[in-house]
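# Fold and contact review
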Amino acid sequence: MTDSKSPGITPSTIADAMAAHATAAPSAHAPAPPRPLLDVRDLHTHFPVRSGIFQRVTGSVKAIDGVSFTIDPGQTLGLVGESGCGKTTVGRTILRLIPKTSGTVLFDGRDVYAARAAELKRLRRRMQIIFQDPAGSLNPRMRVVSIVAEPMQIHGLASSRDELRHKAERVLERCGMPRSSADRYPHEFSGGQRQRIGIARALALEPSFIVCDEPTSALDVSIQAQIINLLMDLQSEFKLSFLFISHDMAVVQHACRHIAVMYRGKVVEEGPRDQILGDPQHPYTRSLLSAVPEPDPTIRRERFAYEGGAM
């Protein structure tokens, strides 16, 4: 029985209570947004210019001039631009193979440039690179099994030589190389096979993130497709994140769902693949897209040349 002085429970009070709960619940129980695997903030890398008989520093080349982006776990970011725009420098600076001038590189929440000794070694196990030139990146005096096994030996991932060899052979097979290739030298293989060896070496440490520095630019078109498909299969199987560096928009279109366009050391446009390819906002992006060859000779594509200028 309700007190005569009390207003009681009415439909309006129930509605007000439900609305208040719906408003308060998300703030109390909403999950935090996932942290990106790689977070690059305002990264600068400058190289000194020296001149004169005493080689004094008279200026600098701004190879990277304020680059920022993030890569989520399992995501591929395509970094595209013309030769000399700073793409490779970005990849190597992230991995601390080239020293930065300023900026921040966070990998899984940890500052790569603040890491020392043991912590840096642990980070580098999770961050690997596939180089552009498969012939130049493989030691010609080492057998393939030693090339793939060396990173595992450095990081202590095998307790015996037999286990080390077994793991190396297994990684080579997963990358499409026969077990018999283990005891041969790099010069005995084609360019596509050498790139598979380079991928196997990067995969040997079971990394979370791989910089793919134009991994298909030195290969025939048919072999390019095989290597890209291999990388995509490995990404799906091992939940890898890629920074895919390329100057070829057609390759990036096939391999990446998210694209950043780089010009003169800066990222001038970034977004989902369909947005960048379907509705480019920066004139340099439109220039890159207009340069993609059209296989149908009956289709005439208007060329757009970007002469530079304001970013």
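Criteria and cut-off values
Residues numbered from 1 in each chain as written. Predicted model: local features only at pLDDT ≥ 70, side-chain atom pairs only at ≥ 80, totals over all residues. Heavy atoms only, no water. Pairing = 2+ DSSP bridges. Helix = DSSP H or I, 4+ residues; strand = E, 2+ residues; numbered from the N terminus. Core = buried A, V, L, I, M, F, W, Y, C linked by side-chain atoms within 4.5 Å. Buried < 20%, exposed > 50% of the residue type's maximum accessible area, 1.4 Å probe, protein only. Contact = heavy atoms within 4.5 Å. Axes fitted to C-alpha atoms, helices over the stretch in contact; angles between N-to-C directions. Parallel < 35°, antiparallel > 145°, perpendicular 65-115°, else oblique. Left-handed = near helix turned anticlockwise from the far one by under 90°. Nonpolar A, V, L, I, M, F, W, Y, C, P; charged D, E, K, R; others polar. Phe/Tyr/Trp six-rings, centres within 6.5 Å; stacked < 30°, edge-to-face > 60°. Salt bridge = Lys/Arg side-chain N within 4 Å of Asp/Glu carboxyl O. Patch = residues over 30% accessible without salt bridge, like charges linked within 9 Å, V, L, I, M, F, W, Y side chains within 5 Å. Areas by Shrake-Rupley, 256 points an atom, 1.4 Å probe, with all protein chains shown as cover. pLDDT = per-residue confidence, 0-100.

### With respect to the pairing of strand β1 (residues 38–51)
- Direction of pairing for β1 relative to strand β2 (residues 56–71): antiparallel, over a ladder of 12 bridges. Considered in β2, the bridge of Phe47 is made with Val61.
- Connecting the antiparallel pair β1 and β2 is a turn made up of four residues, with Gly52 showing a positive phi of about 85°.
- Direction of pairing for β1 relative to strand β4 (residues 102–107): antiparallel, over a ladder of five bridges. Within the sheet, the bridge partner assigned to Leu38 lies in β4 and is Phe107.

### Considering the nonpolar core
- One finds Val148, Met152, Leu172, Ile197, Ile199, Leu231 and Val261 to be the most contacted residues of the largest nonpolar core, which totals 51 residues.
- It is helix α4 (residues 144–154) that contributes the most residues to this core, six residues altogether.
- Non-local contacts of Val148, meaning those with residues more than four positions away in its chain, are made with Ala168, Val171, Leu172, Ile197, Ala200, Arg201 and Ala204.
- Counting 29 residues, the second largest nonpolar core, distinct from the first, contains Leu77, Tyr113, Ala115 and Met127.

### Side note on the packing of helix α6 (residues 191–203) against helix α7 (residues 221–238)
- Interhelical geometry of α6 versus α7 gives an angle of 15° and a closest axis separation of 10 Å. On the basis of the axis angle, α6 is roughly parallel to α7. α6 and α7 meet at a crossing whose hand is right-handed. Residues Gly192, Gln195, Arg196, Ile199 and Leu203 of α6 lie in contact with α7, whose contacting residues are Ile223, Gln226, Ile227, Leu230, Leu231, Leu234 and Phe238.
- Residue composition of the contact of α6 with α7, grouped by class: eight nonpolar, three polar and one charged.

### Focus: α4
- Val144, Val145, Ile147, Val148, Ala149, Pro151 and Met152 are the residues of α4 that are buried.
- Buried residues belonging to α4 abut α5 (161–174) and α6.
- Once α4 finishes, Gly156 follows within two positions and takes phi at roughly 65°, a positive value.

### What to know about the packing of aromatic side chains
- With the rule as written, the count across this model stands at two aromatic pairs.
- Note on Tyr263 and Tyr284: the rings are 4.4 Å apart at their centroids and 35° apart in plane angle, and the pair reads as tilted. In this pair, Tyr263 sits in strand β9 (residues 258–263) while Tyr284 sits in helix α10 (residues 283–290), placing the two residues 21 residues apart along the sequence. Tyr284 matches Tyr263 in its accessibility class, with the two residues each being buried.

### A word on the pattern of salt bridges
- Inspection of every chain in the model, using the stated rule, returns 13 salt bridges.
- Residue Asp108 pairs with Arg126 through a salt bridge whose shortest N-O separation is 3.0 Å. Residue Asp108 is located in the loop between β4 and β5 (110–111), and its partner Arg126 is located in helix α3 (residues 117–126); the two are separated by 18 residues in the primary sequence.
- A salt bridge links Asp274 to Arg273; its shortest N-O distance comes to 3.9 Å.
- For Arg273, a relative accessible area of 23% corresponds to the partly exposed category.
- When salt bridges that share partners are traced, they join Arg165, Glu169, Glu173, Arg179 and Asp183 into one network.

### Description of a nonpolar patch on the surface
- A grouping of Phe47, Val49 and Val61 is seen on the molecular surface, where their side chains present a nonpolar patch of about 210 Å² in accessible area.
- Position of Val61 relative to the elements: it lies in strand β2.
- For Val61, a relative accessible area of 44% translates into the label partly exposed.

### Considerations on the sheet that holds β5
- With respect to topology, four strands assemble into an open sheet ordered β2-β1-β4-β5, the strand pairing being antiparallel. Strands at the two margins of the open sheet, each flanked by one partner only, are β2 and β5.

### Points about the sheet that holds strand β8 (residues 241–246)
- Taken together, six strands build an open sheet; the order of strands is β6-β7-β8-β3-β9-β10 and the sheet is mixed. Each of the sheet's edge strands pairs with one partner strand only, and the pair in question is β6 (127–130) and β10 (266–272). Strand-to-strand twist across the sheet, computed as the mean angle between neighbouring axes with direction ignored, equals 20°.
- Two elements, β9 and β10, share six bridges in a ladder whose sense is antiparallel. Bridge pairing links Met262 to Val267 in β10.

### Quick look at the confidence of the model for the protein chain
- In the predicted model, the protein chain carries a mean pLDDT of 87, and the fraction of residues at 70 or more is 87%.
- Within the model, the stretch residues 1–7 combines pLDDT values under 50 with one contact to residues more than four positions away or in other chains.
- Note that residues 17–26 has pLDDT below 50 and, in this model, two contacts with residues that lie over four places away or in other chains.

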